[in-house]
Protein chains: 4
Amino acid sequence: MEEIRRIGVFTSGGDAPGMNACIRAVVRTAIAHDLEVVGIRRGYAGMIEGDFVEMDGRSVSNILQLGGTILKSARSKAFMTPEGRAKAAEQLRKAGIDALVAIGGDGTFRGAAVFYEEHHIPIVGCPGTIDNDLFGTDETIGFDTAMNTAIQNIDRIRDTADAHDRLFLVEVMGRDAGFIALNCGIGSGAEMVLIPETFTDIEEIKERILSLMSAQSRSSIVVVAEGDEHGGATQIAQDLREDPAFAKIDLRVCILGHTQRGGSPTARDRVLASRLGSAAVEALLQGHTNVMVGVVNGEIKLTPLKHVYSRKKTIDYELLKLTQLLG
Amino acid sequence: MEEIRRIGVFTSGGDAPGMNACIRAVVRTAIAHDLEVVGIRRGYAGMIEGDFVEMDGRSVSNILQLGGTILKSARSKAFMTPEGRAKAAEQLRKAGIDALVAIGGDGTFRGAAVFYEEHHIPIVGCPGTIDNDLFGTDETIGFDTAMNTAIQNIDRIRDTADAHDRLFLVEVMGRDAGFIALNCGIGSGAEMVLIPETFTDIEEIKERILSLMSAQSRSSIVVVAEGDEHGGATQIAQDLREDPAFAKIDLRVCILGHTQRGGSPTARDRVLASRLGSAAVEALLQGHTNVMVGVVNGEIKLTPLKHVYSRKKTIDYELLKLTQLLG
Amino acid sequence: MEEIRRIGVFTSGGDAPGMNACIRAVVRTAIAHDLEVVGIRRGYAGMIEGDFVEMDGRSVSNILQLGGTILKSARSKAFMTPEGRAKAAEQLRKAGIDALVAIGGDGTFRGAAVFYEEHHIPIVGCPGTIDNDLFGTDETIGFDTAMNTAIQNIDRIRDTADAHDRLFLVEVMGRDAGFIALNCGIGSGAEMVLIPETFTDIEEIKERILSLMSAQSRSSIVVVAEGDEHGGATQIAQDLREDPAFAKIDLRVCILGHTQRGGSPTARDRVLASRLGSAAVEALLQGHTNVMVGVVNGEIKLTPLKHVYSRKKTIDYELLKLTQLLG
Amino acid sequence: MEEIRRIGVFTSGGDAPGMNACIRAVVRTAIAHDLEVVGIRRGYAGMIEGDFVEMDGRSVSNILQLGGTILKSARSKAFMTPEGRAKAAEQLRKAGIDALVAIGGDGTFRGAAVFYEEHHIPIVGCPGTIDNDLFGTDETIGFDTAMNTAIQNIDRIRDTADAHDRLFLVEVMGRDAGFIALNCGIGSGAEMVLIPETFTDIEEIKERILSLMSAQSRSSIVVVAEGDEHGGATQIAQDLREDPAFAKIDLRVCILGHTQRGGSPTARDRVLASRLGSAAVEALLQGHTNVMVGVVNGEIKLTPLKHVYSRKKTIDYELLKLTQLLG
């Protein structure tokens, strides 16, 4: 392996709070090791276009606490073609970039793995996605912030639900996984949680809601993952409304949507992002490539990119039971 | 007028942050004047049913900072009938309630005015609604909190908009008025604000968005009041998407919905609610009835209920100009 | 008066949330009027040193929501001398700056007035200070945010006070004025508020606290303005502790200090800062100088700088009564 | 072992956010197992006095999100004596309480262990303390919230530090341990972190601060744990000020104090508290006693109380290195 002197860092896929803290850690750790750092703007799209910016210690001052990503993110169809990736490799070589740190999710790492196979530029990934659905790390950068934002909004909805004895279906993010929904359900004291990982039995749900609402004439909140196989909060609301038994129930839908994605990262996301960004640079320097850095049981751990996107991280079924016990 | 010895307090219409602070001020001020206080639960519906609870100084401890309303709120069709109102008056008389403080909005005060005409129980209103659309007060209880909540969520959306160079249409509350939208637009640095009070010229909007997005390849946020006469954010998004010029623009809709309604009240809403709740009791004791207490130019002012719901509070056109200047 | 083509903007004195929103409004309004804008860094100190930076519309993107001031602030002893001011005027002339917008407080405006007398460079002030103690405006930029931050922290302290049945003395900012303390007292449901504007009778305070704590064995919070003439929270705590009657009371002091100064501005501060920054430029263009723009009863109003720092803004005694009634 | 039919739950020691969520989980899990639950108010003090309250599912509604503890907490000297403990045991037997869940820290568990030795009433502990300094669990209830509160306040201080190029010494909680300081240091991008676990070399600190401040004329934040062996932020400030080299540096101290203790718990603390409260009841039902439930590497784990207070949990030295690398 050639010596690494100059690394490129980029963010890709949906933005997640903590991405900036991660960029900062990559840049500062690299500088502490006398490396040069180049910021690649707009992910793979910017890589193909050579949209590069030199980074020094000052360029990442005061970004730790910012949501979003100062390097921006974008989708790139061109990078899905061999020609696009060849162009990207050429741009990196022209700019003297020896190695890469990729901050993103599933799709980012699929691209990274193919790119490494073809062009042999060492690449290490950092898990940056609010969905927490990546194998190889207990938590992804952005997950903790997204949960807290969602829960703060559900707390507000609870005030209204209680004031009016209403039923609210609150849809949270999670296209393929119920991590956000499950934790938000417990954290907001939701009466029920519907996630893609479990079968949503609409008749059973109706029964349980009716029993909750009639017995106590109180409010109920059902947290629904957007990717629930039954079809999300809007679909469930429609099913409930078609049932005459729900005629008297004041039912509302609230889709939290993009409010969950941005915002200043929580303490935990800042620390996690700092650790992972720093570890990614160390991993590159130790000769690793084609791996993602993660935190497993409190320790930094490297996982082959291939495993990250081919294996499935499972939810904690103890938490699922807890929602039923406490809701 | 008979002497007032025992007053009832209730919240009605949509809940608003600060309603609890207002209840607390009513109860504590009444007690300081040696009055008894009864909480009427679920607004006019509870009044008809006699759903009453005795209140003392301790019963309002530690509620100042809570969103929603501990007395709950509800709609009542029965109260729209003379029979319903007669029943309510009977319940009040049975419980020895001499006078009322009503915390709510437009609809609450229409009901209150009719009720007073028919049953002569003195009633004073406190403006509690997030919409700020009540004549007779510069600000309503809950407005400041709703704006801050909305702006915090729009700040988060801005992170994502910037990261991905996207256009977001963000819908905020305001069925009949643009107060929330206008202030949130300025406060979030929105590129455009669409409100019911002004004509929404879709062609002009398209032109301006295209010029903003192309010139600078940057993000844009358009804040839309739910009651915009053109039809809300979803309708506007549809119109934009039908135009081929928008094919390349990554456009998203986010409807803030019920996240704007609850939550711990801001400093301003707590102080406002405390002043108004206290002033309502003082007004009753001074023999006023059929009026709403408000704050106009920093001073407590009484306005006949009839004016509150028949006159229109206008937005500040200086603010509208400001959105165009700064956006 | 000569035509204004190029204006300088600076922040001075203690930083306040909303200063950046104000800078943004100055810059964008100036550009809309085809003016050039120069940022003067570090207040009068930077003016003397010629620490200038050109500002365009993009240079104030995404600063609306940031606390602190991107132009920084500093104290300048040199500016208190005629020589210092002459040097500053020379720097401004060299840089082609025709007029100034000064964002700051009392001290800033004293300096500005003298400077204008001597050097005749038009100057308009914007009230930026968390203390709200400026004559000529109902509210200063930063006041609303500081109150909300303080109240959020006092809410947290209330949790602990309640859990342990403690007495907390919480000191908030306000060296000369009780605006923050008074509003925070009402907003946090404090049992007592001590401010510089009123005599602090320590024996009366003891009596009231003892009666509150013994009667109900409950928690109490006393909000103290740092500038209370009796000497702040630490002094009052010492006096209480010397009294044997307080031996059994678990008394704690918490000084909120600099946590109150920074942070993302509230909705209200953002709107206020935007209005005032814009109005300052308009005032300069209309030929005004040596005045401060303020908002009085909802309207923009100009007040001679001399009045701002020589007249006293008084607290609202209705609010003071309210703390006694509700606490 | 006798069958458990009725359990008592109490909070003891300093309050921590999430204690209420934990109480709720204890009560609801117990009810799901057909147990009765008694709330013991004010910890061991209330146990001795028989200050008990029956709890049902409704009594813990809507407390999940509240800071502090609805059962209150207190210190008890009487419980440190055999007579006091005998009285407590008698009260429990009289009330028919078969087993206990104790939510608290170090001191709480020392008391619990002795109590069990003497009176054989089964007891299981839940780790509730913001300090995170308990052996047997990766995280304690309240730690995550305290960190987030501290970091939000440090973010605000950073605004002012940057605006004025100041040095701030910020003291955070942690009498014996640097967990809060270390994580807050990384999470706030502090330039330096001083904790009890490491030697504070004042000369080295001076040198590093001077080099940071002079090289870049920028702001610096030093996070100091209150229990730093050198003496806390006030002592360090004094040492720095005595050095003439610091004459020109604008140095401020801010002690976050009790603002760190209360507040609505974060998502993570709510989920943790729910899991632990539920697990404590399950552990009792499975016949465990004299143990604390904790979460270690994501799994519920039981640790003998004796180990909890006799063994030391060590900080993560990787994090310490990170503060030096990134600060």
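Note that this is a predicted model, so its numbers are computed, not measured.

Description of the sheet that holds strand β7 (residues 192-194) of chain A
Residue and element names in this part refer to chain A.
And step 1. Strand order in the open sheet formed by 4 strands is β7-β8-β6-β9, with parallel pairing between adjacent strands. Edge strands, defined here as strands with exactly one partner in the open sheet, are β7 and β9 (251-255). For this sheet, the mean angle separating the axes of adjacent strands, direction not counted, is 20 degrees.
And step 2. Contacting β6 (167-172), β8 (220-225) and β9, helix α5 (residues 143-164) crosses the sheet at an angle of about 170 degrees to β6.

Overview of the UniProt feature "active site" (unreviewed entry) in chain A
Residues and elements named next belong to chain A.
And step 1. With numbering aligned to this structure, UniProt lists the feature "active site" (unreviewed entry) at D131.
And step 2. Relative to the helices and strands, D131 is located in the loop between β5 (123-127) and α5.
And step 3. Take D131: its relative accessible area is 18%, and that puts it in the buried class.
And step 4. Setting aside residues no more than four positions away along its own chain, D131 makes contact with T140, F143, M173, G174, F179 and I180.

Focus on the domain arrangement of chain A
Residues and elements named next belong to chain A.
And step 1. Each assigned domain of chain A is listed here: domain 1 (6-142 + 265-310) and domain 2 (144-262).
And step 2. A straight line from the C-alpha centre of domain 1 to that of domain 2 covers 34 Å.
And step 3. Contacts between the two partners involve 14 residues from domain 1 and, on the opposite side, 13 residues from domain 2.
And step 4. Sorting the residues of domain 1 by area buried against domain 2 places I130, D131 and T266 first, and these three jointly supply 42% of that buried surface.
And step 5. Viewed at the interface, domain 2 and domain 1 are joined by 8 residue pairs in polar contact (both at pLDDT 80 or more).
And step 6. Across the side of domain 1 that touches domain 2, the residue classes break down as 4 nonpolar, 4 polar and 6 charged.

Considerations on the side chain of T29 of chain D
And step 1. Structurally, the position occupied by T29 of chain D is in helix α1 (residues 19-32).
And step 2. Looking at T29 of chain D, the relative accessible area reads 0%, which means it is buried.
And step 3. A distance of 2.7 Å separates a polar atom in the side chain of T29 of chain D from the backbone oxygen of A25 of chain D.
And step 4. T29 of chain D has contacts with L325 and L326 of chain A together with S278, V281 and E282 of chain D, leaving out every residue within four places of it along the chain.

Some details on the interface of chain A and chain B
And step 1. The interface of chain A with chain B comprises 31 residues on the first partner and 31 residues on the second.
And step 2. Between chain A and chain B the total buried area reaches about 2400 Å² when both faces are included, carbon and sulfur atoms providing 48% of it.
And step 3. For the chain A face of the interface with chain B, the top three residues by lost area are R156, A163 and H258 of chain A, together amounting to 26%.
And step 4. Seen at the junction of chain A and chain B, the total is 2 salt bridges.

Looking at helix α6 (residues 179-187) of chain D
And step 1. When you tally the buried positions in α6 of chain D, you get 9 out of 9 residues, the bulk of the element.
And step 2. Buried within α6 of chain D we find F179, I180, A181, L182, N183, C184, G185, I186 and G187 of chain D.
And step 3. Close packing links the buried residues of α6 of chain D with α9 (267-285) of chain A together with α5 (143-164), β6 (167-172), β7 (192-194), β8 (220-225) and α11 (317-326) of chain D.
And step 4. Taken from the residues just after α6 of chain D, G189 of chain D is the one with a positive phi, measuring 65 degrees.

Some details on the packing of helix α6 (residues 179-187) of chain B against helix α11 (residues 317-326) of chain B
Residue and element names in this part refer to chain B.
And step 1. The interhelical angle for the contact between α6 and α11, taken along N-to-C directions, is 40 degrees, at an axis separation of 9 Å. Seen along the crossing, α6 lies across α11 with a hand that is left-handed. Mapping the contact onto sequence places L182, N183 and I186 in α6 and L319, L320, L322 and T323 in α11.
And step 2. Looking at the contact of α6 with α11 residue by residue, the classes come out as 5 nonpolar, 2 polar and no charged.

Side note on the relation of the copies chain A and chain B
And step 1. Superposing chain A onto chain B takes a rotation of 180 degrees plus a shift of 0.0 Å along the axis, which leaves an RMSD of 0.0 Å. Taken together, these values place the two copies in the relation of a two-fold axis.
And step 2. The overlap is high: 100% of the interface residues of chain A also sit at the interface in chain B, so the same surface is used on both sides.

Some words on the environment of F115 of chain A
Residues and elements named next belong to chain A.
And step 1. As for its placement among the helices and strands, F115 is situated in helix α4 (residues 106-119).
And step 2. The class of F115 is buried, set by a relative accessible area of 1%.
And step 3. Residues in contact with F115, not counting those within four places in the same chain, are M47, F79, R85, A88, A89, L92, L100, H120 and I121.

Let's talk about the relation of the copies chain D and chain A
And step 1. Mapping chain D onto chain A is achieved by rotating through 180 degrees and translating by 0.0 Å along the same axis, at an RMSD of 0.0 Å.
And step 2. A shared binding surface is used by both copies, with 100% of the interface residues of chain D retained as interface residues in chain A.

What to know about the pattern of salt bridges
And step 1. Within the structure shown, the criterion is met by 80 salt bridges over all chains.
And step 2. Here R275 of chain B makes a salt bridge to E318 of chain C, at a shortest N to O gap of 2.8 Å. Taken as a pair, R275 of chain B in helix α9 (residues 267-285) and E318 of chain C in helix α11 (residues 317-326) lie in two separate chains rather than in one.
And step 3. On the basis of relative accessible area, E318 of chain C is assigned to the partly exposed category, the value being 29%.
And step 4. With a closest N to O distance of 3.0 Å, R268 of chain C and E139 of chain C form a salt bridge. Placement of the pair is R268 of chain C in helix α9 (residues 267-285) and E139 of chain C in the loop between β5 (123-127) and α5 (143-164), with a sequence separation of 129 residues.

Basis of the calculations
- Residues numbered from 1 in each chain as written.
- Chains lettered and ligands numbered in written order.
- Predicted model: local features only at pLDDT ≥ 70, side-chain atom pairs only at ≥ 80, totals over all residues.
- Heavy atoms only, no water.
- Pairing = 2+ DSSP bridges.
- Helix = DSSP H or I, 4+ residues; strand = E, 2+ residues; numbered from the N terminus.
- Axes fitted to C-alpha atoms, helices over the stretch in contact; angles between N-to-C directions.
- Contact = heavy atoms within 4.5 Å.
- UniProt positions renumbered as here; feature names shortened; annotations may be inferred.
- Buried < 20%, exposed > 50% of the residue type's maximum accessible area, 1.4 Å probe, protein only.
- Domains from an automatic or database assignment.
- Buried area = accessible area lost by both parts, 1.4 Å probe.
- Polar contact = N/O pair within 3.5 Å; in protein donor to acceptor, adjacent residues only side chain to side chain.
- Nonpolar A, V, L, I, M, F, W, Y, C, P; charged D, E, K, R; others polar.
- Salt bridge = Lys/Arg side-chain N within 4 Å of Asp/Glu carboxyl O.
- Left-handed = near helix turned anticlockwise from the far one by under 90°.
- Least-squares fit on C-alpha atoms with pLDDT ≥ 70 in both.

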